[in-house]
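Spelled out, the chains give:
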Amino acid sequence: MLNAMSVDVEDWFQVGAFENVIARESWDQLAPRVERNGHAVLDLFDQAGVKGTFFTLGWVAERYPTLIRRIVGSGHEIASHGWDHRRVFTMDANSFRADLRRAQAAIEDAGGQAPVGYRAPSFSIDKRTPWAHAVLAEEGYCYSSSVAPIRHDHYGWPEAPRFAYRPLADADLIELPVTTVELRGRRMAAGGGGFFRMLPYRFSSWAISRVNGTEQRPAVFYFHPWEIDPGQPRVARAPVKARLRHYTNLHAMEAKLLKLLGEHRWGRTDEVVRSERERLQ
């Protein structure tokens with residue numbers, strides 16, 4: 001079964017865990033590593049023979065068009081991650097629309113393609129944003145992969161469906177949540193990111209196999225370019241929990257990813273959305 005492999009393209013200083021200690025106004029004064037790390041991810045995918053989706057900040061696309069052109073030219077999907085990693089539940093419908101349009105313009109200018117997919121920063125579409133899917137549909141997006149159907153201290157919508165669904169009765173927009181697995185009555189995240197870095201590899205691989213086999217549904221996996229960069233600067237003033245989440249097992253991430261890429265079948269998110277759309281008809 002084809003699973004969705006995705007990359008949330010943002011730099012080490014743009015992550016939600018550091019948003020209260022690193023001001024957006026200082027970003028241009030910090031040492032950028034996203035272009036270098038983005039090319040390293042592309043090399044990794046080339047090595048594994050995998051195509052994926054790059055959910056990219058407009059802020060990044062505007063500054064690093066060469067990276068965006070390589071993503072598109074290599075046959076990967078370019079998609080939107082918003083402009084500057086503002087969580088959707090911190091905006092209203094009008095500011096969300098403006099954020100989408102600004103990001104789309106930068107991504108399209110850099111890569112020559114308008115994104116049809118969107119992922120909210122920190123999976124921040126939830127019950128607090130009942131207008132978000134409607135705005136995405138109105139702006140011409142075909143799908144969103146913005147919901148994490150779990151309980152988490154930073155995000156989560158545990159009442160949301162675990163697999164692809166239509167959030168609007170009057171639009172074709174598909175929501176493709178990040179993968180979770182049910183284990184002994186508990187729902188657990190199994191779709192990548194820090195969970196993949198910190199938990200044993202065999203759990204993630206087992207969870208993907210279970211979703212594909214027992215539940216007969218595709219998995220949705222994500223990670224960030226900074227997660228394969230153990231040499232990135234350390235933010236000493238960040239909270240201890242944030243530092244643990246961000247820096248744990250960075251040195252092991254690339255090898256774990258290569259193993260995962262080889263053990264399961266992966267493709268672009270828009271390909272998986274097409275197959276799920278047929279299922280929902």
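Residues numbered from 1 in each chain as written. Predicted model: local features only at pLDDT ≥ 70, side-chain atom pairs only at ≥ 80, totals over all residues. Heavy atoms only, no water.

(A) Geometry of the overall build of the chain. The helix and strand tally for the chain stands at 10 helices and 10 strands. Against the globule reference of 19 Å for 281 residues, the chain gives a C-alpha radius of gyration of 17 Å, in line with a compact fold. Burial status across the chain gives 56% buried among its 281 residues. Across the chain, contacts joining residues at least 24 apart in sequence account for 75% of those joining residues at least 6 apart. Per element, the accessible surface of the chain, about 11800 Å² overall, is 49% carbon and sulfur. Charged side chains in the chain number 37 positive and 34 negative. The centres of these two groups are separated by 7 Å. (Helix = DSSP H or I, 4+ residues; strand = E, 2+ residues; numbered from the N terminus. Rg over C-alpha atoms; globule rule 2.2 N^0.38 Å. Buried < 20%, exposed > 50% of the residue type's maximum accessible area, 1.4 Å probe, protein only. Contact = heavy atoms within 4.5 Å. Areas by Shrake-Rupley, 256 points an atom, 1.4 Å probe, with all protein chains shown as cover. Lys, Arg positive; Asp, Glu negative; His and termini not counted. Charge placed at Lys NZ, Arg CZ, Asp CG, Glu CD.)

(B) Structural context of the packing of helix α3 (residues 65–73) against helix α4 (residues 93–111). Relative orientation of the contacting elements α3 and α4 amounts to 70°, with a least axis distance of 8 Å. Viewed along their axes, α3 and α4 adopt a mutual orientation that is roughly perpendicular. The segment α3 lies against α4, with Pro65, Ile68, Arg69 and Val72 engaging Ile107, Ala110 and Gly111. Of the residues in the contact of α3 with α4, the class split is five nonpolar, one polar and one charged. (Axes fitted to C-alpha atoms, helices over the stretch in contact; angles between N-to-C directions. Parallel < 35°, antiparallel > 145°, perpendicular 65-115°, else oblique. Nonpolar A, V, L, I, M, F, W, Y, C, P; charged D, E, K, R; others polar.)

(C) Representation of the packing of aromatic side chains. Evaluation of the coordinates by the stated rule reveals 16 aromatic pairs. With 5.4 Å between their ring centres and 90° between their planes, Trp27 and Trp59 make a pair best called edge-to-face. In this pair, Trp27 sits in the loop between β1 (3–9) and α1 (34–48) while Trp59 sits in helix α2 (residues 58–63), placing the two residues 32 residues apart along the sequence. With a relative accessible area of 7%, Trp59 lands in the buried category. What links up through ring pairs into an aromatic cluster is the set Trp12, Phe13, Trp27 and Trp59. The ring centre of Trp59 lies 3.8 Å from the NZ or CZ of Arg63, which sits over that ring. One residue, Arg128, lies across the ring of Phe89, its end atom 3.7 Å from the ring centre. (Phe/Tyr/Trp six-rings, centres within 6.5 Å; stacked < 30°, edge-to-face > 60°. Lys NZ or Arg CZ within 6 Å of the ring centre and 35° of its normal.)

(D) Quick look at the nonpolar core. In terms of nonpolar packing, the biggest core is built from 49 residues, with Met5, Phe54 and Phe223 touching the most fellow members. Discounting chain neighbours no more than four positions away, the residues touching Met5 are Phe45, Val50, Gly52, Thr53, Phe221, Phe223, Leu260, Leu261, Trp266, Gly267 and Thr269. Within the second largest apolar cluster, 18 residues are counted, among which are Phe96, Leu100, Ala120 and Ile125. (Core = buried A, V, L, I, M, F, W, Y, C linked by side-chain atoms within 4.5 Å.)

(E) Structural view of the side chain of Ser122. Its location among the elements puts Ser122 in the loop between β4 (117–118) and α5 (132–138). Judged by relative accessible area, Ser122 falls into the buried class, the value being 16%. What Ser122 contacts, discounting residues up to four positions off in sequence, is Gly16, His85, Arg87 and Tyr155.

(F) Spatial organisation of the pairing of β1. When you tally the buried positions in β1, you get seven out of seven residues, the bulk of the element. Burial of the side chains of β1 extends over both faces: Asn3, Met5, Val7 and Val9 are buried on one face and Ala4, Ser6 and Asp8 on the other. Sheet topology places β1 next to strand β10 (residues 266–267); two bridges connect them, and they run parallel. Its bridge partner being in β10, Ala4 is matched across the sheet by Gly267. (Pairing = 2+ DSSP bridges.)

(G) Layout of the pattern of salt bridges. Throughout the structure, instances matching the rule amount to 21 salt bridges. A salt bridge links Arg63 to Glu62; its shortest N-O distance comes to 3.3 Å. Among the salt bridges present, the one from Arg86 reaches Asp84, with a minimum N-O distance of 3.2 Å. One network of salt bridges, in which partners are shared, links Arg97, Arg101, Glu138 and Glu139. (Salt bridge = Lys/Arg side-chain N within 4 Å of Asp/Glu carboxyl O.)

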